[in-house]
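Chains, contacts and geometry: an overview
Residues per chain are reported as follows:
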Amino acid sequence: MRSATDLLDELNAVDESARIEAKRASDTGKSVMETVIAFANEPGLDGGYLLLGVDWAINDKGDTVYRPVGLPDPDKVQRDLASQCASMLNVALRPEMQLEQVGGKTLLVVYVPEADVTHKPVYKKATGLPGGAYRRIGSSDQRCVDEDLWVLRGESQPLHGPDSSILSDARADDFDPTAIAAYRRERARINPQAEELDYGDEDMLEALGALRRVDGALQPTLAGIVLFGKPLDLRRLLPMVRIDYIRVPGNEWVEDPENRFQSIDIRKPLILALPLAEASIIDELPNRPLKKCFSNASGTLSAKTRAAQTRLRSDCNGPSGRFAGPPAHFGRTYPWAHA
């Protein structure tokens, strides 16, 4: 650990640098903690030194001159800094500290080692990421942005998100032609002039991100298989991707232990599974007007469709905690998606 005199000499020779920061610091405040975090985070810096109890001024030549002014209560500064490093951050830091006398003034030398890469990024718990983390850039402490977090973790930022990840065992013929045709119909209904409708299936799937070119060959992405994959290939590649539609008679979860619920397992490409789940819900709705939850609704199909969509978003306050009406007739339904 370097001495206060050595650090002060370097400050007067070359000013503050990436590894040395001088502060008056009569108490440990926001600025001190930001520098501590930056020293702990910056990759390859091997930590840095804080010299507390130092003031500076600009001389006639325009140079910055550092001089010791001392700390009024050095013991309190040490206690506060140690406590904040242990409690304010997502990982406890243990900086090395030593008091020294320079010119009759008490200075505090603080060495903050670089944190292990498994503990990075170090950040303020109250602020969170990325704003609570800092990097040491030159002689300044810079608040992190999302891109910095990859650097601190020692990783390269991925060019593609998880939806665009390649499923190594998937093949281009794992796509369901029925699902592709359903997409074309729905897209044409919304925008008959959509550009991708003029593409062949392979080009359209690549444009949508369902296929991605790797080493010159097109391979299915995770999103592509979820949206367009054949049921057999969904079971093979993503066995937990399905929609469970559960119907419970009555208004108790386990009214009959021998017949607790009825379940429909929907394992189809998502573009086909969602309309099937919606149709199953609509079929369960009563054919009479829905009271209380939908006071203006009639028993028409469009009204029941709106009711089903609202039911998926939130529960109504009917007599059984669901839709109004006798629970034995309607019961409760729980569409659950597994992934």
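The structure contained in this document is the topic of the report that follows.

Conventions adopted
Residues numbered from 1 in each chain as written. Predicted model: local features only at pLDDT ≥ 70, side-chain atom pairs only at ≥ 80, totals over all residues. Heavy atoms only, no water. Patch = residues over 30% accessible without salt bridge, like charges linked within 9 Å, V, L, I, M, F, W, Y side chains within 5 Å. Areas by Shrake-Rupley, 256 points an atom, 1.4 Å probe, with all protein chains shown as cover. Salt bridge = Lys/Arg side-chain N within 4 Å of Asp/Glu carboxyl O. Helix = DSSP H or I, 4+ residues; strand = E, 2+ residues; numbered from the N terminus. Buried < 20%, exposed > 50% of the residue type's maximum accessible area, 1.4 Å probe, protein only. Contact = heavy atoms within 4.5 Å. Polar contact = N/O pair within 3.5 Å; in protein donor to acceptor, adjacent residues only side chain to side chain. Expected span 1.5 Å × (residues − 1). Core = buried A, V, L, I, M, F, W, Y, C linked by side-chain atoms within 4.5 Å.

**Side note on a nonpolar patch on the surface**
Taken together, the side chains of Leu227, Leu270 and Leu274 make up a nonpolar region of the molecular surface, amounting to roughly 220 Å² of accessible area. Structurally, Leu274 can be placed in helix H9 (residues 270–284). For Leu274, a relative accessible area of 48% gives the class partly exposed.

**Let's talk about the environment of Thr106**
The topology assignment puts Thr106 in strand E6 (residues 105–112). Along the chain, Thr106 and Pro68 lie 38 residues apart, while their C-alpha atoms are 8.0 Å from each other. Apart from residues no more than four positions distant in its own chain, Thr106 is found in contact with Gly70, Leu71, Pro74, Leu99, Glu100 and Gln101. A polar contact of 2.5 Å, which involves the side chain of Thr106, links it to the side chain of Gln101.

**Some details on helix H2 (residues 30–41)**
With 12 residues, H2 should reach 16 Å at 1.5 Å per residue; the first-to-last C-alpha distance of 17 Å fits that figure. With 10 of its 12 residues buried, H2 lies for the most part within the structure. The set of residues buried in H2 consists of Val32, Met33, Glu34, Thr35, Val36, Ile37, Ala38, Phe39, Ala40 and Asn41.

**Remarks on the pattern of salt bridges**
Inspection of the entire model under this criterion finds 22 salt bridges. As a salt-bridge pair, Arg135 and Glu42 come within 2.9 Å of each other at their nearest N and O atoms. With Arg135 in strand E7 (residues 134–137) and Glu42 in the loop between H2 and strand E2 (48–52), this pair connects stretches of sequence that are 93 residues apart. You can call Arg135 buried: its relative accessible area is 13%. For the salt bridge of Arg184 with Asp201, the shortest nitrogen-to-oxygen distance reads 2.9 Å. Remark: Asp201 occurs in helix H6 (residues 201–208) and Arg184 occurs in helix H5 (residues 177–190); sequence separation between them is 17 residues. In this structure Asp201 comes out as partly exposed when scored by relative accessible area, which is 40%. The network of salt bridges with common partners includes Arg171, Asp173, Asp174, Asp233 and Arg236.

**Some words on the side chain of Glu42**
The class for Glu42 is buried, based on a relative accessible area of 8%. At a separation of 3.1 Å, a polar atom in the side chain of Glu42 contacts the main-chain amide nitrogen of Arg136. Once you skip the residues sitting within four places of it in the chain, Glu42 turns out to touch Glu114, Lys120, Arg135, Arg136 and Ile137.

**Quick word on the nonpolar core**
Soluble globular proteins tend to bury their nonpolar side chains together. Formed by 24 residues in total, the largest nonpolar core has its most connected members in Val36, Leu50, Leu52, Leu81, Leu93, Val110 and Val122. Sort the elements by how many residues they give to this core and H2 lands first, with 7 residues. Contact partners of Leu52, with chain neighbours within four places excluded, come to Lys23, Arg24, Ala25, Leu71, Val77, Leu107, Leu108 and Val110. In this structure, Phe175, Leu205, Leu218 and Ile225 belong to the second largest nonpolar core, which totals 16 residues.

**Let's talk about unusual backbone geometry**
With the exception of glycine, most residues fall at negative phi, and the peptide bonds are largely trans. In this structure, the amide linkage connecting Lys120 to the following residue, Pro121, adopts the cis form with an omega of 0°. Tracing the chain through its elements places Pro121 in the loop between E6 and E7. Cis rather than trans, the peptide bond between Leu129 and Pro130 has omega equal to 0°. Relative to the elements of secondary structure, Pro130 occurs in the loop between E6 and E7. A positive phi angle is found at Asp46, which is not glycine, with a value near 60°. Tracing the backbone shows Asp46 in the loop between H2 and E2. The exposure class assigned to Asp46 is partly exposed, which follows from its relative accessible area of 47%. Even without glycine at this site, Asp215 takes up a positive phi of about 50°. The exposure class assigned to Asp215 is exposed, which follows from its relative accessible area of 80%.

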